[in-house]
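Single-letter residue listing:
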Protein chains: 2
Amino acid sequence: MGTATAPWKQLLLNALESNSRLKHSSYFQLATVGSNGRPSNRTVVFRGFIENSDKLQINTDNRTHKIEELKYCPFAEICWYFTDSWEQFRISGRIDVIDGSNPDTSKLQQREKSWFASSVRSRLQYLGPDPGLPCISEHPNQDIALDPSTGPVAAFCLLVLDPDQV
Amino acid sequence: MGTATAPWKQLLLNALESNSRLKHSSYFQLATVGSNGRPSNRTVVFRGFIENSDKLQINTDNRTHKIEELKYCPFAEICWYFTDSWEQFRISGRIDVIDGSNPDTSKLQQREKSWFASSVRSRLQYLGPDPGLPCISEHPNQDIALDPSTGPVAAFCLLVLDPDQV
């Protein structure tokens, strides 16, 4: 029972490999559509593929606008430009928003896996002030402590882009 | 009669300056919405501001999908991430699509100005095969010649993003 992967996946993995010296090679831009029918666009970080699939993972905060937008329209397009090799990948698909209230146990496990795969410093962001508000402090999370064994907090959300759902 | 410019413009010019050693610092991602209501996202090149304004210029080919998409929904959002300074600018607004059939003389002049401001090599792309088709040749434009004094060709299109039209 083999799992077929998309022909572009190997090209993308090659691009990641050949641009790996650049930290920003794992960043791409995610476009969504708001309830006003207009596009939004922001930089996010690639958190790997779901095992044996073409599904891309992105971590995000439940309190960001993209969550509301994805409820309105679950379709997104990422634009991934590799600055060293001058390659561009455009991948569109449907996004599954997985927060702590998800009824699917395997999805909750995936979310937990992604939480523990990110650095403690990254996890701290989800305990900080609302990401949509202006920030007065230069280091808003400096007084927050987090036990590294603590599981995903309420604001932590896993987005899974499935390019096969078009 | 001064022209007010947006408060973010100077921050953006500073970012351009501090990232200028990187060729890709003038690239950003442009998100639009298609007639199916889904987002599209691609990398484009910043061609400067319209004089004394906050309006951003982008050159494109009339034969690309984004033209059709902008007819359906003229609103766009650009995401401009500066990889050296870790700064992100998200700018949304309405896009004016200026091709050779535009009835406004001043807009046609702007289009001509943008044509001559781009390199002859860039201009050659607009004489090449349809950008939406697969390309067999490694150097599709190598046999095409262009007199540098020739004005904008039919496929050449100037996009002007006006952040004040929201």
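Every chain's residues receive numbers from 1 upward, in the order its sequence appears when written. Each chain takes a letter, starting from A, and each ligand takes a number, starting from 1, following the order in which they are written. Given that the model is predicted, a residue must reach a pLDDT of at least 70 before its local features are reported, and side-chain atom pairs must reach 80 or more before they are shown or counted; all residues, however, enter totals for whole chains, interfaces and linings. Computation of side-chain values: all heavy atoms of the structure, hydrogens and water removed.

**Student:** Would you explain the overall build of chain A in this entry?
**Tutor:** To qualify as a helix, a DSSP run of H or I must reach at least 4 residues; to qualify as a strand, a run of E must reach at least 2; elements of each kind are numbered from the N terminus. Secondary structure assignment for chain A yields four helices and six strands. The N-to-C order of helical and strand elements in chain A reads α-β-β-β-α-β-β-α-α-β. Here the C-alpha radius of gyration of chain A, 16 Å, is about what a compact globule of 166 residues would show, namely 15 Å. The principal-axis extents of the C-alpha atoms in chain A amount to approximately 45 × 40 × 35 Å. In this description the radius of gyration comes from C-alpha coordinates, and the expected globular size is given by 2.2 Å times residues to the power 0.38.

**Student:** Even after reading the chapter, I still don't get the pattern of salt bridges, so can you show me in this structure?
**Tutor:** Two side chains bearing opposite charge may form a pair once their charged atoms approach each other closely. All names here are of chain B. Should a side-chain nitrogen of Lys or Arg be within 4 Å of a carboxyl oxygen of Asp or Glu, the pair is scored as a salt bridge. Summed over the entire model, instances satisfying the criterion amount to twelve salt bridges over all chains. Across the pair Asp61 and Arg63 runs a salt bridge whose closest N-O atoms are separated by 2.9 Å. Burial classes: relative accessible area under 20% of the type maximum marks a residue as buried, over 50% as exposed, and values in between as partly exposed (1.4 Å probe, protein chains only). Relative accessible area serves as the criterion here: at 8%, Asp61 is assigned to the buried category. A relative accessible area of 32% means that Arg63 is categorised as partly exposed. A salt bridge links Glu68 to Lys71, with the nearest nitrogen and oxygen atoms 3.5 Å apart. Here Glu68 pairs with Lys71, and both are found in helix H2 (residues 65–72), just three residues apart, close to one helical turn. The class of Glu68 is exposed, set by a relative accessible area of 52%. Lys71 sits in the exposed class, given a relative accessible area of 61%.

**Student:** Please explain the interface of chain A and chain B as it appears in this structure.
**Tutor:** You'll often see interface size given as the accessible area lost when the parts meet. Counting from both sides, the interface comprises 27 residues of chain A and, opposite them, 27 residues of chain B. Where chain A abuts chain B, roughly 2200 Å² becomes buried across the two surfaces, and 61% of that area is made up of carbon and sulfur atoms. For the side of chain A that touches chain B, the elements supplying multiple residues, two or more each, are strand E1 (27–33), strand E2 (39–49), strand E4 (75–82) and strand E5 (87–98) of chain A. In terms of residue class, the side of chain A that touches chain B is made up of 13 nonpolar, nine polar and five charged. Residue contacts follow a heavy-atom distance rule, with two residues in contact if any of their heavy atoms lie within 4.5 Å. Simply put, the buried area is the total loss of 1.4 Å probe accessible area from both parts when two parts are fitted together. Residue polarity follows a fixed list, in which Ala, Val, Leu, Ile, Met, Phe, Trp, Tyr, Cys and Pro are nonpolar, Asp, Glu, Lys and Arg are charged, and the others, Gly among them, are polar.

**Student:** Please explain the sheet that holds strand E6 (residues 156–162) of chain A as it appears in this structure.
**Tutor:** Across a sheet, strands are paired by hydrogen bonds formed along the backbone, either parallel or antiparallel in direction. Residue and element names in this part refer to chain A. Here, strands pair whenever DSSP counts at least two bridges between them. Pairing is antiparallel in the closed barrel, where six strands are placed in the order E1-E2-E3-E6-E5-E4. The sheet shows a mean angle of 40° between the axes of neighbouring strands, direction not considered. Relative to E6, strand E3 (residues 56–61) runs antiparallel, the two being bridged by six bridges. Its bridge partner lying in E6, Leu56 is registered against Leu161. What counts as an axis is a line fitted to C-alpha atoms, over the stretch in contact for a helix, and the angles between N-to-C directions run from 0 to 180 degrees. Packing of helix H3 (residues 105–117) onto the sheet brings it into contact with E2, E3, E5 and E6, and relative to E6 it is tilted by some 110°.

**Student:** Looking at this structure, how should I read helix H1 (residues 7–18) of chain B?
**Tutor:** For the α-helix, the turn length of 3.6 residues means that residues three or four positions removed from each other point alike. Residue and element names in this part refer to chain B. By the burial criterion, the buried members of H1 are Lys9, Leu12, Ala15 and Leu16. All buried residues of H1 fall inside an arc of 125° around its axis, so they share one side. Along H1, the residues that are exposed and aim more than 90 degrees away from the buried face are Pro7 and Glu17. Those residues of H1 hidden inside the fold are in contact with strand E2 (39–49), strand E4 (75–82) and strand E5 (87–98). The directions from the helix axis to the C-beta atoms form the arc being described.

**Student:** How do you make sense of the relation of the copies chain A and chain B when you look at a structure like this?
**Tutor:** One copy of the chain maps onto the second through a rotation about an axis and a displacement along it. Least squares is the method for superposing the copies, and the C-alpha atoms it fits come from residues with pLDDT of at least 70 in both. By a simple turn and slide, chain A fits onto chain B: the slide is 0.0 Å along the axis, the RMSD is 0.0 Å, and the turn is 180°. Classification of the inter-copy transformation places it as that of a two-fold axis. Most of the interface of chain A is mirrored in chain B, where 100% of its interface residues again form contacts.

**Student:** Where do I start with the sheet that holds E2(B) in this structure?
**Tutor:** Residues and elements named next belong to chain B. Pairing is antiparallel around the closed barrel formed by six strands, whose spatial order is E1-E2-E3-E6-E5-E4. Taking each pair of neighbouring strands and ignoring which way they run, the sheet shows an average axis angle of 40°. This element, H1, spans E2, strand E3 (56–61), E4 and E5 of the sheet and lies at about 110° to E5. The sheet strands contacting H2 are strand E1 (27–33), E2, E3, E5 and strand E6 (156–162), and the helix crosses E1 at an angle near 50°.

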